[in-house]
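# Coordinates in review
Listed below are the residues making up each chain.
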Amino acid sequence: MVTNVTSFGRSGLYDWVVQRLTAVYLAVYFVGLLGYMALSPDLDFEQWRDLFSATWMRVASLFALVALCAHAWVGLWTISTDYLTSDLLGSKASVIRFAFQSACVIVMFIYLVWGIQILWGL
Amino acid sequence: MLVSLYRYNPEVDSKPRMQDYEIELPAGKDLMVLDVLELLKRQDPSISYRRSCREGVCGSDGMNISGTNGLACITPVSAATRGGKLVLRPLPGLPVVRDLVVDMGVFYKQFEKIQPFLINSTPAPAIERLQSPEDREKLDGLYECILCACCSTNCPSFWWNPDKFIGPAGLLQAYRFLADSRDTATDARLADLEDPFSVFRCRGIMNCVAVCPKGLNPTRAIGHIRSMLLQRAT
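Thresholds, definitions, all that
- Residues numbered from 1 in each chain as written.
- Chains lettered and ligands numbered in written order.
- Predicted model: local features only at pLDDT ≥ 70, side-chain atom pairs only at ≥ 80, totals over all residues.
- Helix = DSSP H or I, 4+ residues; strand = E, 2+ residues; numbered from the N terminus.
- Buried ≥ 20, exposed ≤ 12 C-beta atoms within 10 Å, placed from the backbone.
- Contact = placed C-beta atoms within 7 Å.
- Core = buried A, V, L, I, M, F, W, Y, C linked by C-beta atoms within 7 Å.
- Nonpolar A, V, L, I, M, F, W, Y, C, P; charged D, E, K, R; others polar.
- Pairing = 2+ DSSP bridges.
- Axes fitted to C-alpha atoms, helices over the stretch in contact; angles between N-to-C directions.
- pLDDT = per-residue confidence, 0-100.
- Parallel < 35°, antiparallel > 145°, perpendicular 65-115°, else oblique.
- Left-handed = near helix turned anticlockwise from the far one by under 90°.
- Expected span 1.5 Å × (residues − 1).

This part covers the overall build of chain B. For chain B, the count of helices and strands is nine helices and seven strands. On the principal axes, the C-alpha backbone points of chain B span a range of 60 × 35 × 30 Å. Per-residue burial for chain B yields a buried fraction of 37% across its 234 residues. Here the analysis covers contacts within chain B between residues at least 6 apart in sequence; of these, 66% occur between residues at least 24 apart.

In C-alpha cells:
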C-alpha cells in the first residue's frame, strides 16, 4: 500500500468516489442553469436575483461550490503528483509540489468564502 | 526498406541516437518485425534485442514499433511501416540497458506487489482444490497475460508513477486472483489496493487495451477492482 497524507481523504477509493459524485452533481447543476438561461430569453437582473435568493437555489449553489472545491482538489492533487515529481524535477520536487498544493488550497478557500459572500449578498 | 533503429550502448555512447539501415526484403512475403531485426543483426551484429519463442507466447520482444507498443514477432512489417519506414524503439518509460533491451525491474516489482499466487488459508485437500466450470470461466481474459509489458509501458499513469501505480499488467493479474474462487485473501488483497496510487491512478486512458498483443482488457479488470473496493467499503 502506497501512503500519502496530502490526498483529499487519504484513500484512493474515497477520493475517487468524491470526484465521481461531485462530477455528476456539477454536471446536473450547470446543465440545469444553462437550461434555465436558454428557456428564459428575456432574462433580466431582477429575475436572476430572485432565482438566486430562493433558499433551494442557495442550497443547490452552495453545494455546487463545495463540490467544485472538492472535485478541483482531487484533480489538482493528482496533477501535482503526476507532473511535480522527483523523476521530473529532481530533489526540489517535494518543495515545489507542496507549494503548488498549498497555493491550490488557499485559492480554493478564497473562492469558497467569496462565493458564499456573493450567494448570500453579504 | 528503411529501418530507423534506436541505438544506445551506455558503455560507449553519451546519449542514445537513431540509426538508419537500408534493407532488402524478400519479395512476395510479409515478414514479421522480428524477422527484419534478425536480418539487420546479420548486417550489424552489435544490435541488441530480446527474443525467444518468436510466436507471441514468451513476451520477450515487446518494443515500440513505429510509435505503438507490440511484440515484434507477431507484428507484420506491412502493418508497422509508415511511409516506407519502420521505426523501432525500446519500450517507453523503462531504463534502457542497451538498444532495444530495457530494465524491467520496476515492472516486475509492481507485479510482485500484488502477490501473484493463490493464497488459501483452508487445509489443502488430498489431491487438488476443485473449481466449478462457471468459476473457472471468470478467469478467462485474465490468466492469458504473458507479462510482455506492452500495456504498462504505454500507460501515461505508469510513466509518471512507475514506483507507485501498479500498472495495467499488474492490476489485470491482481483481479485474476481477486476473481479466483480458490483464493481466500480477497479482503487483504483489496486493503492493499485502496490507496490513491495503486489502482486509482488509472484515468481510463485505455492505451493498455489498444496495445495488448493478446487482446486482453486491463481497463475492464481495473473497473471490477474498483467495484469490489466500493462494495467492501460501503
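The next thing to look at is the nonpolar core. All names here are of chain B. The biggest cluster of nonpolar side chains holds 58 residues, and the ones touching the most others in it are Val33, Ala72, Leu171, Ala174, Tyr175 and Ile225. Top element by residues in this core is helix 6 (residues 167-178). It accounts for seven residues. Residues within four places of Tyr175 in sequence aside, it is in contact with Leu142, Ala221, His224 and Ile225.

Residues and elements named next belong to chain B. Of note, Asp44 is situated in the loop between helix 1 (33-43) and strand 3 (62-65). A residue is classified by how many C-beta atoms lie within 10 Å of it, and Asp44, with 11 of them, is exposed. In this structure the C-alpha to C-alpha distance between Asp44 and Leu130, which are 86 residues apart in sequence, comes to 53 Å.

Further remarks concern the interface of chain B and chain A. Contact residues are listed per partner, giving 15 residues for chain B and 13 residues for chain A. Take the side of chain B that touches chain A: its biggest share by element is four residues, from helix 9 (residues 218-233) of chain B. A breakdown of the residues in the side of chain B that touches chain A according to their chemical character gives eight nonpolar, two polar and five charged.

Looking now at unusual backbone geometry. All names here are of chain B. For Ala149, which is not a glycine, the phi torsion comes out positive at approximately 75 degrees. Topologically, Ala149 is positioned in the loop between helix 4 (133-137) and helix 5 (156-160). The class of Ala149 is buried, set by 24 C-beta atoms lying within 10 Å. Its identity is not glycine, yet Met206 carries a phi of approximately 70 degrees, on the positive side. Summarising the element assignment, Met206 is placed in the loop between helix 7 (186-191) and helix 8 (207-211).

What follows covers the pairing of strand 4 (residues 68-71) of chain B. Residue and element names in this part refer to chain B. The sheet contact formed by strand 3 and strand 4 spans four bridges and is antiparallel. Note on strand 4: the bridge partner recorded for Ile65 is Thr68. Joining the antiparallel neighbours strand 3 and strand 4 is a turn of two residues, in which Ser66 adopts a positive phi near 45 degrees.

A few words on the sheet that holds strand 5 (residues 85-89) of chain B. All names here are of chain B. With mixed pairing, the five strands of this open sheet are ordered in space as 2-1-5-3-4. The open sheet has two edge strands, strand 2 (17-22) and strand 4, and neither has a second partner. Going from strand to strand, the sheet's axes swing by 30 degrees on average, the running direction of each strand aside. Pairing of strand 3 with strand 5 involves two bridges; the strand directions are antiparallel. Along strand 5, the bridge assignment pairs Asn64 with Arg89.

Right, let's talk about the confidence of the model for chain B for a bit. Mean pLDDT over chain B: 96, with 100% of residues reaching 70 or higher. Reported for the predicted complex are a pTM of 0.91 and an ipTM of 0.86.

With that out of the way, let us pick up the packing of helix 6 of chain B against helix 9 of chain B. Residue and element names in this part refer to chain B. Following both chains from N to C, one finds helix 6 and helix 9 inclined at 55 degrees, their axes separated by 9 Å at the closest point. Between helix 6 and helix 9, the angle falls in the class oblique. You can see that helix 6 and helix 9 cross each other, and the crossing is left-handed. Along its contact with helix 6, which presents Pro168, Ala169, Leu171, Leu172, Ala174, Tyr175 and Leu178, the element helix 9 presents Pro218, Ala221, Ile222, His224, Ile225 and Met228.

Across its 29 residues, helix 3 (residues 55-83) of chain A extends 42 Å between first and last C-alpha, which sits within 8% of the 42 Å expected from 1.5 Å per residue. Those residues of helix 3 of chain A that fall on the buried side of the exposure criterion are A:Ser61, A:Ala64, A:Leu65, A:His71, A:Trp73, A:Val74, A:Trp77, A:Thr78 and A:Thr81.

All names here are of chain A. The interhelical angle for the contact between helix 1 (residues 12-39) and helix 3, taken along N-to-C directions, is 135 degrees, at an axis separation of 9 Å. As summarised for this structure, helix 1 and helix 3 are arranged oblique, according to the angle between their axes. Here helix 1 and helix 3 pass one another in a crossing that is left-handed. Along the contact surface, helix 1 presents Asp15, Val18, Gln19, Thr22, Ala23, Tyr25, Leu26 and Tyr29, while helix 3 presents Ala60, Phe63, Ala64, Ala67, Leu68, Ala70, His71 and Val74. For the contact of helix 1 with helix 3, the per-class residue count stands at twelve nonpolar, three polar and one charged.

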